[in-house]
Amino acid sequence: MALLNFKKRLETGQDGSPQVQDFLKGYSIEVMPRTAEKIADFRDHLPADTRVYIAHIDGTSITDMVATARRITDAGMTAMPHFPARIIADKAELQTWISMYQNEAGVEQALLLAGNNKEPKGDFHSSMQLLETGLFDKAGFKRLHVAGHPEGNKDIDPDGGMTLVNEALHWKNNFRDTTDAEMAIVTQFCFEAQPIIEWANGLKDNGITLPIHIGIAGPAKLQTLIKFAIACGVGPSLKVLQKRAMDVTKLLLPYEPTDVVKALADHKAAHPDFNIQAAHFFPLGGIKTNAKWATDNGGSSTKPANA
């Protein structure tokens, strides 16, 4: 029934241009255990083999995380749980998490990041330290993603610059040569295409050639987006939302990422070597709403090469 429902929605047509449809191939989406609980069957909303990241918020038990990963893999999706360094006590706990994910949910992919905690709870404070343990390679993980920040990260560079962020990306770029896992950068969400394009091109010009999965905020109420954007430290592109908030004709209309996705898709179509490889959605207005928007605009599970 789930597959029939999904095919029926596909037959209603796709609104996205060919460029947008191509850009949305192999898109991914993010959930948390508590938001995933609202989805009876992921197959009703997402294409088979969609990569579903599972955000690990401090206070969420590893048992709940693994159970969510199991639901995702059982539905024919690819689970990619977060491993936030600053909430992992030590190498032994990291090994326990890896073993639980593998043995109980068949997980083979992970997003490694520092996490939102200001201070580490244990031995780790960065994703680089997690990589250095060698545990993911020993376990045979096939794909490891790391975090990117197109508008900087003041937790890393308090002055608002990009120096330390880029040093970390250089390190991770070089680490790729030491692992059998495929690696990529997945980013915080932004609302404006041109700064994203300039950031991505700048990385490439500086020798950072890891492919990029760009963060996109899914459809949501404007007030919701502004709240999350401020909380997540979104920088200059926040002005896109603030400008929209001043337009009374748009204030009550839900935001959709049509403009930023179209601009990035058009740029990629004109520049095939552009290093943004895929779109990653933050479903701030709900998983169902985001998934419908992606489907209506031609999103599919067909992944670009090595994505």
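All values derive from a computational prediction rather than experimental measurement. (Residues numbered from 1 in each chain as written. Predicted model: local features only at pLDDT ≥ 70, side-chain atom pairs only at ≥ 80, totals over all residues. Heavy atoms only, no water.)

J.: Looking at this structure, I do not really get the side chain of T187. What am I missing?
T.: Within the secondary structure layout, T187 lies in strand β6 (residues 182–190). Classification of T187 as buried rests on a relative accessible area of 3%. Within the structure, T187 has its side chain in polar contact with the backbone nitrogen of G215 (distance 2.8 Å). Beyond its immediate chain neighbours, meaning those up to four positions away, T187 contacts G148, P150, W199, I212, H213, I214, G215 and F282. (Helix = DSSP H or I, 4+ residues; strand = E, 2+ residues; numbered from the N terminus. Buried < 20%, exposed > 50% of the residue type's maximum accessible area, 1.4 Å probe, protein only. Polar contact = N/O pair within 3.5 Å; in protein donor to acceptor, adjacent residues only side chain to side chain. Contact = heavy atoms within 4.5 Å.)

J.: Which parts of the structure should I look at to understand the sheet that holds strand β2 (residues 51–54)?
T.: In a beta sheet, neighbouring strands pair by backbone hydrogen bonds and run either parallel or antiparallel. Spatially, the eight strands close up into a barrel ordered β1-β2-β3-β4-β5-β6-β7-β8, and their pairing is parallel. In this sheet, neighbouring strand axes are inclined to one another by 30° on average, regardless of whether the strands run parallel or antiparallel. Relative to strand β5 (residues 143–148), strand β4 (residues 109–113) runs parallel, the two sharing four bridges. Each residue of the ladder has a partner; that of L112, found in β5, is V146. (Pairing = 2+ DSSP bridges. Axes fitted to C-alpha atoms, helices over the stretch in contact; angles between N-to-C directions.)

J.: Explain the nonpolar core here, please?
T.: Within the largest apolar cluster, 78 residues are counted, with the highest numbers of intra-cluster contacts made by F83, F136 and L264. Excluding anything up to four places from it in sequence, F136 contacts F83, L94, I98, A110, L112, L130, F141 and L144. Listed in part, the six residues of the second largest apolar core include M80, L113, A147 and V186. (Core = buried A, V, L, I, M, F, W, Y, C linked by side-chain atoms within 4.5 Å.)

J.: What should I look at first to understand unusual backbone geometry in this one?
T.: Comment: phi is negative for the bulk of residues other than glycine, and the bulk of peptide bonds are trans. Backbone geometry at D49 places phi at a positive 70°, although glycine is not the residue there. Topologically, D49 is positioned in the loop between α3 (33–36) and β2. Since its relative accessible area comes to 36%, D49 is described here as partly exposed.

Nothing here speaks to function; it is geometry throughout.
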